[in-house]
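Reading the structure
Chain by chain, the residues:
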Amino acid sequence: MSVDIETVKRVAQLARIAVDDEEASRMTGELNAILGFVEQLGEVDVSDVEPMTSVIPTAIRMRQDEVTDGGKAEEIVANAPAGDDNFFVVPKVVE
């Protein structure tokens, strides 16, 4: 895949970046070099590589999967401008 100046200008417009003709010309070469590198990565044989989530071996700490209400209703409602019996009080918006 190669990128031309019109494509660079279109992407710049979508990204809301002001690009003049000289910058677009320079970016065309840079983007083509990046896309060429990505194509080279696609040619690498990774069929014997096991998928991983991190390059460093890590162990995930497990916790009990328990459903709770958080036990913080009073603390949460205390931040509200108005509350009543652990509920938020809001003005009526529907007549």
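Residues numbered from 1 in each chain as written. Predicted model: local features only at pLDDT ≥ 70, side-chain atom pairs only at ≥ 80, totals over all residues. Heavy atoms only, no water.

Description of the packing of helix α1 (residues 5-14) against helix α2 (residues 21-42)
It is the contact of α1 with α2, at a shortest axis distance of 9 Å, that shows an interaxial angle of 105°. Judged on the interaxial angle alone, α2 and α1 are roughly perpendicular. Judged by residue contacts, Ile5, Val8 and Lys9 of α1 engage Asp21, Ala24, Ser25, Met27, Thr28 and Leu31 from α2. Its residues assigned to classes, the contact of α1 with α2 comprises 5 nonpolar, 2 polar and 2 charged. (Axes fitted to C-alpha atoms, helices over the stretch in contact; angles between N-to-C directions. Helix = DSSP H or I, 4+ residues; strand = E, 2+ residues; numbered from the N terminus. Parallel < 35°, antiparallel > 145°, perpendicular 65-115°, else oblique. Contact = heavy atoms within 4.5 Å. Nonpolar A, V, L, I, M, F, W, Y, C, P; charged D, E, K, R; others polar.)

What about a nonpolar patch on the surface?
Where nonpolar side chains cluster on the molecular surface, the patch consists of Leu31, Ile34, Phe37, Val38, Leu41, Val44, Val46 and Val49 and spans about 720 Å² of accessible area. Along the chain, the position of Val44 falls in the loop between α2 and α3 (73-78). (Patch = residues over 30% accessible without salt bridge, like charges linked within 9 Å, V, L, I, M, F, W, Y side chains within 5 Å. Areas by Shrake-Rupley, 256 points an atom, 1.4 Å probe, with all protein chains shown as cover. Salt bridge = Lys/Arg side-chain N within 4 Å of Asp/Glu carboxyl O.)

A short note on unusual backbone geometry
Backbone geometry follows two general trends: most residues other than glycine have a negative phi, and most peptide bonds adopt the trans configuration. The residue Arg16 is not glycine, and still its phi comes out positive at about 60°. Within the secondary structure, Arg16 sits in the loop between α1 and α2. At Asp85, a position not held by glycine, the phi torsion is positive, near 55°. On the basis of relative accessibility, which here comes to 64%, the residue Asp85 falls in the exposed class. (Buried < 20%, exposed > 50% of the residue type's maximum accessible area, 1.4 Å probe, protein only.)

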